[in-house]
Each structure stands twice: as structure tokens, then as C-alpha cells.
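# Breakdown of the fold
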Amino acid sequence: QAFRVDIIREEEGALEFDMVGIDAAIANAFRRILLAEVPTMAVEKVFVYNNTSIVQDEILAHRLGLIPIRADPRLFEYRNQGDEEGTEIDTLQFQLKIKCSRNPQAAKESSDPNELYFNHKVYSKHMTWVPLGNQTDLFPDADFRPVHDDILIALLRPGQEIDVLMHCVKGIGKDHAKFSPVATASYRLLPDITLLQPIEDEAAEMLQKCFSPGVIEIQNIKGKKVARVANARLDTFSREVFRHEGLKNLVRLARVRNHYIFSVESTGILPPDVLVSEAIKILMGKCQRFLNELDSVPME
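Note that residues are indexed from 1 along each chain, following the sequence as it is written. The model is predicted, so local features are restricted to residues of pLDDT at least 70 and side-chain atom pairs to those at 80 or more, both for listing and for counting; the totals for chains, interfaces and linings are taken over all residues. To obtain the side-chain values, all non-hydrogen atoms of the structure were included, while hydrogens and water were left out.

Segments assigned H or I by DSSP are reported as helices when at least four residues long, segments assigned E as strands when at least two residues long, and all are numbered from the N terminus. Along its length, the protein chain carries six helices and 16 strands. For 300 residues, the compact-globule estimate of 2.2 N^0.38 gives 19 Å, and the protein chain exceeds it by more than 25% at 27 Å. With the principal axes as the frame, the protein chain shows a C-alpha extent of 80 × 75 × 35 Å. With 300 residues in all, the protein chain has 39% of them scored as buried. In the protein chain, the proportion of contacts linking residues at least 24 apart, taken out of those at least 6 apart, comes to 75%. Shrake-Rupley sampling with a 1.4 Å probe provides the accessible areas, and residues are treated as covered by the protein chains on show and by no other component. Summed over all atoms, the accessible surface of the protein chain reaches about 17,700 Å², with 50% contributed by carbon and sulfur. Under the counting rule used here, the positive set is Lys and Arg, the negative set is Asp and Glu, and His together with the chain ends is not counted. Taken as the charge location is NZ of Lys, CZ of Arg, CG of Asp or CD of Glu. Placing the 36 positive and 44 negative side-chain charges of the protein chain at their respective mean positions leaves the two points 6 Å apart. When we talk radius of gyration, it's over C-alpha atoms, and the globule rule is simply 2.2 Å times the number of residues to the 0.38. Relative accessibility thresholds used throughout: buried, under 20% of the residue-type maximum; exposed, over 50%; partly exposed, between the two (1.4 Å probe, protein chains only). The contact criterion used throughout is that any non-hydrogen atoms of two residues lie within 4.5 Å.

Listed below in C-alpha cells is the structure:
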């Protein structure tokens, strides 16, 4: 009944929020779902037509698989196991075709590869979407591409080239880490710092140095410097205060047992608020399936 969610900080790619009034098992289940069960699109198969770079085919395929693809997985279906050919409803196709050549206009005394060669660095921006079937009609406004354009894939020298075709499919982090939609998803309990008695002057300044910036504030009251707890959530539990004999018995450090501070950082495939809502839907679905199974078991 006392459960609530408070949004603390929302930025592009990152979200911090509080979940209050839940059990540790629910909090951890939510974290694990974010890591391993929210689906995304990632490169699954790489068809190598030509690769004369120094990067082996297997390593090249592995690097391509880890590039996050900006594509909403909710628009696609899971590919059936054993299907070799993808369709417009379960596969995104990308092509990477690039060849390195010399720059005839480069100065003879130059040793800078950026001046000597064209296309000597292969970036994720060189991956282009190749529509399958009627995907052009299905997604007229789609902008399927890598999340970041500056991911370095390989280095080439004149005469070397890469010509590959990639199939992106829908999957979850439980199957492979490349499908995980988050860079980090973590939680911690809200710190609870209590000053057992007034701490003043030099002791107050020493106390302030024992904690992270912003945790302890010093106020001037009747000509005395008095310490107070300003923002306990900024504390990192360094326990530095217990190294000082004059302070260790004046402060009590604890945690609020049902107040969890969540931090979610997206890889850029989906905004973090969408990831959180999708994780909640998956958790609700798991609970519903569990209740259905309980109802289906005959009672003795």
C-alpha cells in the first residue's frame, strides 16, 4: 500500500529513480529483467563476401554483433529457431562495403594515415540499412542505424576491403550479452545518517571531510559551526568517520530497508524510461503466469 516510484534524475540515456516500499527480492528481479529479459535487436549472422583486412572473419563478426542498433524491438517478432532466411517481420539487414585506397593528393613527406589514405578507418557509420521485402512500406519513417556513428570496427590499408551482409534479429540478454539494452542497471539502499549529538567547530569540519561532498552541511548558529545532515543519498558508505576516535561514537550509519535507489543507463537502443516500463510489463507477465499456474493446480 505504501509503494511508490519517485523520478529523481532523467537525462538522455540515464535515469535515476527511487522505489519505496518493496521487498529486496522484487527489486533484484526488476534489475535482472532489465539486464537479461528486455529484448533488443542485434547482429546475429554475418555473411562475409570479402574480407582482406587483418581482422579475422570471426573477430569481425563478433565486433559487429556488439554494435548497438537503433531499432525498436517492439516492431519485430522473434525469428523461429532454424530459420535460415529472414523476413521483413523478424530481420533487419545491414551492409558494410568499404575499400581503402591511396590519396594521390597527399604530400610525399606526410606520414599521417588520415592524409595518405581514403577509408582507412571503418566506422559503424559505414553500415547501411538494406530493406528486406516490403520494409520500406512497413517503416516509411524508420531510421534504422547504429546508435553511435563513431564506433571503430577495423583499420584498412590500400587494397584491403570489407564486404559483409548482416542480419539483425530480436533477442534477450539471457541468450547473449549483445542483446542487453542497458550499460548498467543497479540499485542501492538509501543511506540513513544520524548525528547522535550536536557536533561543532573543528569536529564539524572533520565530520564534513569524512563524507562525500554535499552529505554534511555546516551551519553558523550563534557564532558556532554546527554540522547537520544535508543529503544522505549522496553518501557512498566509505565508513571514514569510524577512523576518528572523537567522531565514531557520535554518528550512526544505517540503511532504509525498503527504499531502493535505482540507476539505469541505456545503451541508446531505447530510452531508459521505456526500458523501465518494458521491464515492469515483463515482471507483471511473470507474476500473472505464476498465478495462472497456481490456479491450474488442483487443491487437495
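Attention shifts here to the sheet that holds strand β2 (residues 14–20). Each pair of strands is called paired provided DSSP finds at least two bridges between the two strands. Reading across the sheet, the four strands line up as β1-β2-β16-β13 and stay open at both edges, with antiparallel pairing between neighbours. Two strands in the sheet have a free side with no partner beyond their single neighbour: β1 (4–11) and β13 (182–195). Averaged over all neighbouring strand pairs, the angle between strand axes comes to 25°, with direction disregarded. Relative to β2, β1 runs antiparallel, the two sharing seven bridges. Within β2, the position partnered with Asp6 by the bridge is Asp18. Sheet strands touched by helix α1 (residues 24–36): β2, β13 and β16 (251–266). Its angle to β13, the strand with the most contacts, is close to 150°. Lines fitted to C-alpha atoms define the axes here, with helix axes fitted over just the stretch in contact, and angles between the N-to-C directions of these axes take values from 0 to 180 degrees. Across the face of the sheet, helix α6 (residues 272–296) comes into contact with β1, β2, β13 and β16 while running at roughly 40° to β2.

With that out of the way, let us pick up the pairing of strand β14 (residues 216–221). Judged from the six bridges that link them, β14 and strand β15 (residues 224–229) form a sheet pairing that is antiparallel. If you follow Ile221 over to β15, its bridge partner there is Lys224. Counting the residues that bridge the hairpin from β14 to β15 gives two residues, and of these Lys222 lies at a positive phi of roughly 55°.

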